[in-house]
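# Structural characterization, general
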Amino acid sequence: TSMAAALSPDGRTIALDLLGALWTLPVEGGSARRVLADGYDAHAPAWSPDGRRLAFQAYHRDTWNIWTMNADGSDLRQLTSGPFDDREPHWSPDGRRLAFSSDRGGSYDVWQLDVATGDVRRVTNGTANESMPAWSPDGREIAFVSDREPRGIYARHVESGAERTLATDAGVLYTPSWAPDGKSVAYVAVDAAATRLMAGGVNVADPGEDVFPFRPQWVSAGEWLYTAYGVGKRR
């Protein structure tokens, strides 16, 4: 089934969303531990930089909101609320903020949330839909997917607002993930029934591999953790 996988900062633990539940398991495989009860329809887990907490999107009552909890499932907190879809959280390198996508401004845009205060600030503000944010390793930029012309993956400087193009592609693009050195991104591209795992401008997946459209995780400069065919894979 469809599922996303997130690798902990120390490289030892994988968080999975599976059938609306969240699980953790050792990176080498083995028994999984369920860390969130039924009723949240939880997706898109993301580890905090210190590896202590998970952020995720959940449809607990009436819309998608951003939640956090300790990695063992304790101290569950809802961080956003209101009649909006708040999705796809990603932590800043200092662990103080979360980037997320939301339609709270009309179209989908990237926003950032102060974890301590709950204050939200808009990052992108255009007519295109912009989503699936990922904070750069140095904390200066946020990468995101945009359906503008040309559609692709862009990065916006958090303070200055300056933008640059990271990748354009004929396919529908998903979930950018910065390389450890911050010089490039990996992402998933979908062309009709075909999917690709792109890194450094090259498809690193097998031909015809059913790569799921969720954020690939960099294990090292040339190794990725991702999901495909209903399983977690390292390549």
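Everything that follows concerns the structure shown earlier in this document.
The text that follows walks through the structure, step by step, so that each part is easy to find. Source: prediction; values computed, not measured.

### Quick look at the packing of aromatic side chains
Here the distance between the centres and the angle between the planes together describe a pair of aromatic rings. What the rule picks out here adds up to five aromatic pairs. Taken together, a centroid distance of 6.4 Å and an interplanar angle of 25° make the contact between Phe-144 and Tyr-154 stacked. With Phe-144 in strand S14 (residues 141-146) and Tyr-154 in strand S15 (residues 152-157), this pair connects stretches of sequence that are 10 residues apart. According to the relative accessible area criterion, Phe-144 is buried, its value standing at 0%. Given the relative accessible area of 5%, Tyr-154 is considered buried. Seen in terms of ring centroids, Phe-212 and Phe-214 are 6.5 Å apart; in terms of plane orientation they differ by 80°. Their pairing is edge-to-face. We note Arg-148 situated over the ring of Tyr-154; from NZ or CZ to the ring centre the distance is 4.1 Å.

### Quick word on the environment of Ser-81
Within the secondary structure layout, Ser-81 lies in the loop between strand S8 (77-78) and strand S9 (86-91). Between the C-alpha atom of Ser-81 and that of Gly-201, which follows or precedes it by 120 residues, the distance is 38 Å. Non-local contacts of Ser-81, meaning those with residues more than four positions away in its chain, are made with Asn-65 and Arg-104.

### Quick look at the layout of surface pockets
Size it by volume and the second largest pocket reaches roughly 160 Å³. The wall of the second largest pocket is formed by 14 residues, among which Ile-14, Leu-25, Leu-225, Gly-232 and Lys-233 lie closest to the centre. Counting only elements with at least two residues in the lining of the second largest pocket, the list comes to strand S1 (3-7), strand S2 (13-18), strand S3 (21-26) and strand S23 (231-234). Broken down by element, the residue count for the lining of the second largest pocket peaks at four residues, all from S23.

### Remarks on the sheet that holds strand S19 (residues 194-199)
Sheet architecture is open: four strands sit in the order S17-S18-S19-S20, paired in antiparallel fashion. The open sheet is flanked by strand S17 (172-178) and strand S20 (202-203), the only strands paired with a single partner. Here six bridges tie strand S18 (residues 185-191) to S19, and the two strands are oriented antiparallel to one another. Each residue of the ladder has a partner; that of Ala-186, found in S19, is Ala-199.

### Some thoughts on the pairing of strand S13 (residues 130-135)
For S13, the buried fraction is high: six of the six residues fall into the buried class. In the sheet, S13 pairs with S14 via four bridges, with the strands oriented antiparallel. Considered in S14, the bridge of Ser-131 is made with Val-145. Remark: five residues form the turn of the hairpin made by S13 and S14, two consecutive strands paired antiparallel; Gly-139 in that turn has positive phi of roughly 80°.

Basis of the calculations
Residues numbered from 1 in each chain as written. Predicted model: local features only at pLDDT ≥ 70, side-chain atom pairs only at ≥ 80, totals over all residues. Heavy atoms only, no water. Phe/Tyr/Trp six-rings, centres within 6.5 Å; stacked < 30°, edge-to-face > 60°. Helix = DSSP H or I, 4+ residues; strand = E, 2+ residues; numbered from the N terminus. Buried < 20%, exposed > 50% of the residue type's maximum accessible area, 1.4 Å probe, protein only. Lys NZ or Arg CZ within 6 Å of the ring centre and 35° of its normal. Contact = heavy atoms within 4.5 Å. 1 Å grid on protein atoms, 1.4 Å probe; cavity = no way out; pocket = protein on both sides within 12 Å on 5 of 7 lines; lining within 4 Å. Points joined across faces, edges and corners; volume = space filled by probe spheres on them. Pairing = 2+ DSSP bridges.

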